[in-house]
Amino acid sequence: MDLALQNKIVAITGCNGGIGVAATISFLKEGAKVVGLYRESISKLSEIFTRISELGLNEKHFMPIEVDINSTTSIQEAIKKIIAEWGQIDVLVNNAGATLETPFLALNDDDFESIYVSNFSSLAKVSREVGKIMMRQKFGNIINVSSLVSERFGRGVSVYAAMKAAVNRLTEVMALEMGKKNIRVNAVCPGVVETSMSNALQERHGQMLIEQTPLRRFASPEEVAHSILFLSSEATASFITGSKLFIDGGIRL
Ligand SMILES: NC(=O)c1ccc[n+]([C@@H]2O[C@H](COP(=O)([O-])OP(=O)(O)OC[C@H]3O[C@@H](n4cnc5c(N)ncnc54)[C@H](OP(=O)(O)O)[C@@H]3O)[C@@H](O)[C@H]2O)c1
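A few points on the structure. Computed from a predicted structure; not experimentally measured.

1. Let's talk about the side chain of Ser-198
For Ser-198, the position within the fold is in the loop between β6 (183-190) and α6 (199-212). Within the local environment of Ser-198, its side chain forms a polar contact with the backbone oxygen of Val-193, the two atoms lying 2.5 Å apart. Sequence-distant contacts of Ser-198, that is, excluding residues within four places in its chain, are made with Val-192 and Val-193.

This is the structure:
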């Protein structure tokens, strides 16, 4: 099926992470143009550049921009660059996020702040600034990468789980407020995905979690990326907004 994503302008935060790379490459394979938003060093993007070259993808369709996603000024500068180069933003994938496995009572104030910034405030700020552009364009599509722990499990990742629950609720209210301008906002809620973020969890509880999962395995980053593409596409999801799509092999059941 043609997802009709050719030449769509897609901005992805945390583009160098496990799911970020898979989403970047999947969109490029569909002919979209991807703005890879990353922090600090461009050397973190080496996997993306290697895969673009190995797969013979159009390297001009990938524009990396260094940005501090918790700084409104930095986000606005990044948006200016995107608009100057490519004229619009069709899809925003709020993928950046970080967890910290520590019991709730052992978390200190800095931990609270850093989990809040990485998983909620930065996502809200990027969505607000890109949302203004989409409202002017009268079209757009936002996909927030949430997590299964927004609704289930979550022992040891209390504040991360709470922030992902906040992302789900923000997704619903953004969908309510922005739908009238033809902007869809949805969330994906992965269970365990095979990326560096879940390494420690897989090592400690992997076997038990697989046994509890009806499909008896974890998700690949590509499976999450494909769900993001599904929600982005007007060919597959044109009437879906305010939804949460669980990609968890059924472990929540
Ligand atoms: N892996 C899982 O099992 C799983 C399950 C459910 C949901 N998720 C969600 O999926 C998303 C992607 O995770 P992943 O598995 O791909 O993890 P990952 O490989 O660790 O990638 C995380 C990405 O987010 C970026 N990031 C984190 N905090 C940031 C901040 N404050 N500012 C800017 N960038 C920041 C990281 O940038 P740096 O490289 O610069 O740190 C990296 O690019 C996250 O939102 C995560 O919560 C993952």
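2. Comments concerning helix α3 (residues 72-86)
In a regular helix each residue adds 1.5 Å, so 15 residues correspond to 21 Å; α3 covers 21 Å between its end C-alpha atoms and thus fits that length. Considered for burial, the residues of α3 that qualify are Ser-74, Ile-75, Ala-78, Ile-79, Ile-82 and Trp-86. On an axial view of α3, the arc spanned by its buried residues comes to 140°, and they lie on one face. For α3, the exposed residues lying more than 90 degrees away from the buried face are Lys-80 and Ala-84. Buried positions along α3 lie against β1 (9-13), β2 (33-38), β3 (62-66) and α4 (109-137).

3. A look at the site of the ligand
As a structural note, the neighbourhood of the ligand is formed by 26 residues, with Arg-39, Lys-44, Asn-95, Tyr-160 and Thr-195 the closest of them. Between an oxygen atom of the ligand and a main-chain N or O atom of Gly-18, the distance comes to 2.8 Å. At a separation of 2.8 Å, an oxygen atom of the ligand approaches a polar backbone atom of Ile-19. Sorting the residues of the shell around the ligand by element identifies α1 (18-29) and α5 (158-178) as the ones contributing at least two each. Each residue belonging to the shell around the ligand can be placed in one class, and the counts come to 10 nonpolar, 13 polar and three charged.

4. Notes on the packing of α3 against α4
Direction vectors running N to C along α3 and α4 enclose 35°, while the axes themselves pass 10 Å from each other. Of the two elements, α3 crosses α4, and the hand of that crossing is right-handed. Between α3 and α4, the residues in contact are Thr-72, Ile-75, Gln-76, Ile-79 and Ile-83 and Lys-125, Val-126, Arg-128, Glu-129, Val-130 and Ile-133, respectively.

5. Here we look at the sheet that holds strand β7 (residues 244-247)
In space, the seven strands of this open sheet follow the order β3-β2-β1-β4-β5-β6-β7, with parallel pairing throughout. The sheet terminates laterally at β3 and β7, the two strands that pair on one side only. Averaged over all neighbouring strand pairs, the angle between strand axes comes to 20°, with direction disregarded. The sheet contact formed by β6 and β7 spans four bridges and is parallel.

Cut-offs used in this document
- Residues numbered from 1 in each chain as written.
- Predicted model: local features only at pLDDT ≥ 70, side-chain atom pairs only at ≥ 80, totals over all residues.
- Heavy atoms only, no water.
- Helix = DSSP H or I, 4+ residues; strand = E, 2+ residues; numbered from the N terminus.
- Polar contact = N/O pair within 3.5 Å; in protein donor to acceptor, adjacent residues only side chain to side chain.
- Contact = heavy atoms within 4.5 Å.
- Expected span 1.5 Å × (residues − 1).
- Buried < 20%, exposed > 50% of the residue type's maximum accessible area, 1.4 Å probe, protein only.
- Arc of directions from axis to C-beta.
- Near = heavy atom within 4 Å.
- Nonpolar A, V, L, I, M, F, W, Y, C, P; charged D, E, K, R; others polar.
- Axes fitted to C-alpha atoms, helices over the stretch in contact; angles between N-to-C directions.
- Left-handed = near helix turned anticlockwise from the far one by under 90°.
- Pairing = 2+ DSSP bridges.

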